[in-house]
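# Overview (structure and organization)
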Amino acid sequence: MSGTAGLVIPCKAAVAWEAGKPLVMERVEVAPPQAMEVRMKVKYTSLCHTDLYFWEAKGQNPLFPRIFGHEAAGVVESVGEGVSDVAVGDHVLPVFTGECGECSHCQSEESNMCDLLRINTERGVMLSDGKSRFSIDGSPINHFLGTSTFSEYTVVHAGCLVKINPLAPMDKVCVLSCGISTGLGATLNVAKPKQGSSVAIFGLGAVGLAAAEGARIAGASRIIGVDLNPNRFEEAKKFGVNEFVNPKDHDRPVQQVIAEMTNGGVDRSVECTGNINAMVSAFECVHDGWGVAVLVGVPNKDAVFMTKPINLLNERTLKGTFFGNYKPRSDLPSVVDMYMNKKLEVDKFITHRVPFSDINKAFDLMVKGEGLRCIISMEE
Amino acid sequence: MASTTGQVIRCKAAVSWEAGKPLVMEEVEVAPPQAMEVRIKVLFTSLCHTDVYFWEAKGQTPLFPRIFGHEASGIVESVGEGVKELQPGDHVLPVFTGECKECRHCKSEESNMCDLLRINTDRGVMLNDNRSRFSINGKPIYHFLGTSTFSEYTVVHVGCVAKINPAAPLDKVCVLSCGISTGLGATLNVAKPKPGQSVAIFGLGAVGLAAAEGARMSGASRIIGIDLNPNRFDEAKKFGVTEFVNPKDHSKPIQEVIAEMTDGGVDRSVECTGNINAMISAFECVHDGWGVAVLVGVPNKDDAFKTHPMNLLNERTLKGTFFGNFKPRTDIPGVVEKYMNKELELEKFITHELPFSEINKAFDYMLQGAGLRCIIHMGE
């Protein structure tokens, strides 16, 4: 691997030329990493809803051509000047949000919203020089979320790279670099249910199921899954969900239904849909006196969260989370360890697998709402 | 005192016959305490805004004639059947919200909203038999908040009585049975600022100043007081307030002003006005990543709390509190101790003193917005 250090690497990448159109396998040139950057060989990547959302680019500033992908695992190929935390050959997860270690957020115990490297959906270039490391015949291709993992090689800021246990199977732990950690952390780090408590999870997609998994790990006695799609209920049982509520089955607000099931409200709720009404319901369904609601799903720009002030004055707590409040570099290695010591089950999230050449199948599956996570294997 | 046990006591009470009209000093009969009740000789009482609000009875179901008053200190005269925790001679603070110690709220570590004895503004009788213990010539006079301390003697549920250090000066600690503890607890128990952090306090009345006092005790480095009345600023310095912002002095929203002063937002905010816009500002002025806003002031029934969901998803926390989250029987004695060991200063809250016969002057002071707390001496 060190033979390519300092050189441009030609390799395959799945390039999105136009919003909503199938990705095209192209030969791209990947420039070497500059200062504080790392070039890595991607081994496995998976599709997350956020890739889909920005690929569809409805009503946003479209930035094309672009290399999507932000959930992945790989190996460091070479490092730029000043990089000391990772070395060639290290097993790593690139993350769409970073940790510089120096700003007030990184220094705070609680926050993971790094001033320098926090998620930026609009930027298509590297911070160091405002340019892309990808090109085709000299024409730049935009980065995505600073990761761009739908490429055999990518260049990432060192602050966005997590060094993990080299024994961890990369075709499993790649899913930990976004959605699953988001849901898991929402429960373990933010909602923090106590042993024997009740938890309501709104939305039983991958993020919601990861939140349920967190509730299962925390020893919650009742994990109530709320979803409009009854087909999701069976699958959700594997993740600890033991009761189900479909708002469509009731004519009164779902928060009332939940309050009735739980003697006044659940102890914790985690909202993983981004639907604004679900967000308000998730807050209003927790018990007064001690209930905590955690919002995860991202709503539309124009959404307004509205509730009666008495719902706060009677001692409910409302929180929101970003990436499960995990500081990427500091905390993700321990999430990988949780998997390695079998506390956290990841395999059940992986429902499909395709070779890199068939990456568009992963998009089809997600658009149809099928499955949870599809692993894209870069070397097949 | 023992000679009155089991007997009706004739004494003076300031009775409110009509909404908004001066109280009239009457001779009332106070029946002995029934099961789980306590009869208290009130020594000192103070006026709190909630008394004035229900005395004015604008747009509520008025309940007259009534004996108001809920901030007080006294001595137990006699106890009813089943009361083991208190005996004649104990120094006590009656509290407008109680602690049965058996319901889920009382058993929870966090909540102080007792299922049985939580605040009830509509009830004018005792729970045991749905009757009043006060009468004039056989006609019942309604209780208020289960306390009715504008009377030389009152009858209170044992769950609403905090037993305190007999060495504590009752003419000072009477103010701890409502407003000051509410503000203090909002900061100490709920906002919990760390030493060196910044805190914004909205509303510099007694409750807000108590919240500021809590911030001072916590070692906050900046305590920013927000009020529309610049006359309050000077007084507020005694309570630790270090900086002042008057929203009237700025054309941009107050949360923007505060964010500019504090490099992105304060670490904690405590809202003590009940004005819905101030409540929203108090939330939006805390720093993303780690900021916590605590709502204390009670708004109008029809107000709606609205914010953009992003403000939650970027890791701000929104909480509300009731009575500072203090459990009355379990926690208030400890607050008295903080005063006794000089951690907490109370004298600065007491700006006026009156004999019981002049109680209506206390209402005048409050309506004029003069002073903080007026102590009414019952023996005079």
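Anything mentioned here points back to the structure above.
What comes next concerns the included structure. (Residues numbered from 1 in each chain as written. Chains lettered and ligands numbered in written order. Predicted model: local features only at pLDDT ≥ 70, side-chain atom pairs only at ≥ 80, totals over all residues. Heavy atoms only, no water.)

### Considering the overall build of chain A
Filter applied, for reference: Numbering goes from the N terminus for both helices and strands, where a helix is a DSSP run of H or I of at least four residues and a strand is a run of E of at least two. The size measure is the radius of gyration over C-alpha atoms, and the globule rule it meets is 2.2 Å times the number of residues to the 0.38 power. Burial classes: relative accessible area under 20% of the type maximum marks a residue as buried, over 50% as exposed, and values in between as partly exposed (1.4 Å probe, protein chains only). Whether two residues touch is decided by their heavy atoms; if any such pair falls within 4.5 Å, the residues are in contact. In these tables, accessible area is a Shrake-Rupley quantity obtained with a 1.4 Å probe, and a residue counts as shielded only by the protein chains included in the view.
Broken down by element type, chain A carries 11 helices and 18 strands. For 380 residues, the compact-globule estimate of 2.2 N^0.38 gives 21 Å, and chain A sits close to it at 21 Å. With the C-alpha coordinates of chain A rotated into their principal frame, the extents come out at 65 × 40 × 40 Å. Sorting the 380 residues of chain A into buried and exposed places 58% on the buried side. Partitioning the contacts of chain A with sequence separation of at least 6, the portion at a separation of at least 24 is 70%. In the form shown here, chain A has an accessible surface area of approximately 14,600 Å², with 50% of it arising from carbon and sulfur atoms.

### Quick notes on the overall build of chain B
What counts, and what does not: The charged-residue count follows a simple rule in which Lys and Arg add positive charge and Asp and Glu add negative charge, with His and chain termini not counted at all. Lys charges are placed at NZ, Arg charges at CZ, Asp charges at CG and Glu charges at CD.
Scanning chain B for helices and strands turns up 11 helices and 18 strands. Here the C-alpha radius of gyration of chain B, 21 Å, is about what a compact globule of 380 residues would show, namely 21 Å. By its C-alpha atoms, chain B is 65 × 40 × 40 Å across when sized along the principal axes. Within the span of chain B, comprising 380 residues, buried residues form 59% of the whole. Considering only contacts within chain B whose residues lie at least 6 apart along the sequence, 70% involve residues at least 24 apart. Of the accessible surface of chain B, which amounts to about 14,600 Å², a share of 49% is contributed by carbon and sulfur atoms. Side-chain charges of chain B comprise 39 positive and 46 negative groups, with the mean position of each set lying 2 Å from the other.

### Some words on empty space enclosed by the protein
Residues and elements named next belong to chain A. Condition: Site definitions follow a grid-based scheme: protein atoms alone, a 1 Å grid, a 1.4 Å probe that fits but cannot get out for cavities, and for pockets an open set with protein on both sides within 12 Å along at least five of seven lines, plus lining residues having an atom within 4 Å of a point. Grid points are joined across faces, edges and corners, and a volume is the space filled by probe spheres set on the points. Any residue that is not Ala, Val, Leu, Ile, Met, Phe, Trp, Tyr, Cys, Pro, Asp, Glu, Lys or Arg is counted as polar, Gly included; the first ten are nonpolar and the last four charged.
This model, assessed by the stated rule, comprises 1 cavity of 30 Å³ or more. Each pocket or cavity is described by its volume, and for the largest cavity that value is around 190 Å³. Around the largest cavity, the lining comprises 15 residues; the ones closest to its centre are Arg123, Leu127, Leu145, Gly146 and Cys160. Within the lining of the largest cavity, the residues separate by chemical class into 9 nonpolar, 4 polar and 2 charged.

### A word on the packing of helix α4 (residues 179-191) of chain A against helix α5 (residues 206-217) of chain A
Residue and element names in this part refer to chain A. Defined as follows: Structural elements are reduced to axes, namely lines fitted to C-alpha atoms, with helices fitted over the stretch in contact, and the angle between N-to-C directions of any two is expressed from 0 to 180 degrees. Convention used here: angles under 35 degrees read as roughly parallel, angles over 145 as roughly antiparallel, angles from 65 to 115 as roughly perpendicular, and any remaining angle as oblique. In this scheme the handedness of a crossing depends on how the near helix is turned from the far one: anticlockwise by less than a right angle means left-handed, clockwise means right-handed.
Contact pair α4 / α5: the axes reach a minimum separation of 7 Å and the direction vectors enclose 40 degrees. Considered as vectors, α4 and α5 are oriented oblique to each other. Along this stretch, α4 crosses α5, giving a crossing that reads as right-handed. Across the interface between the two elements, Gly179, Ile180, Thr182, Gly183, Leu184, Thr187 and Leu188 of α4 pack against Ala206, Val207, Ala210, Ala211, Glu213, Gly214, Ala215 and Ile217 of α5. Residues that form the contact of α4 with α5 fall into these classes: 9 nonpolar, 5 polar and 1 charged.

### Section: the pattern of salt bridges
Two side chains that carry opposite charge are able to pair once their charged atoms sit near each other. Cut-off, in case you're wondering: Definition used for salt bridges: Asp or Glu carboxyl oxygen within 4 Å of a side-chain nitrogen of Lys or Arg.
Counting across every chain of the model gives 50 salt bridges over all chains. Here Glu213 of chain B and Arg216 of chain B are joined by a salt bridge, their closest N and O atoms 2.8 Å apart. Of this pair, Glu213 of chain B and Arg216 of chain B are both found in helix α5 (residues 206-217), 3 residues apart, which corresponds to roughly one turn of the helix. Residue class for Glu213 of chain B comes out buried when judged on its relative accessible area of 0%. Given a relative accessible area of 29%, Arg216 of chain B falls into the partly exposed group. The partner of Arg216 of chain B in a salt bridge is Glu345 of chain B, with the nearest N and O atoms 3.8 Å apart. Here Arg216 of chain B, found in helix α5, pairs with Glu345 of chain B, found in the loop between α10 (328-340) and β17 (350-355); they are 129 residues apart in sequence, far enough to count as distant. The class of Glu345 of chain B is partly exposed, set by a relative accessible area of 35%. Within the structure, one salt-bridge network assembled from shared partners comprises Glu213, Arg216, Glu345 and Lys348 of chain A.

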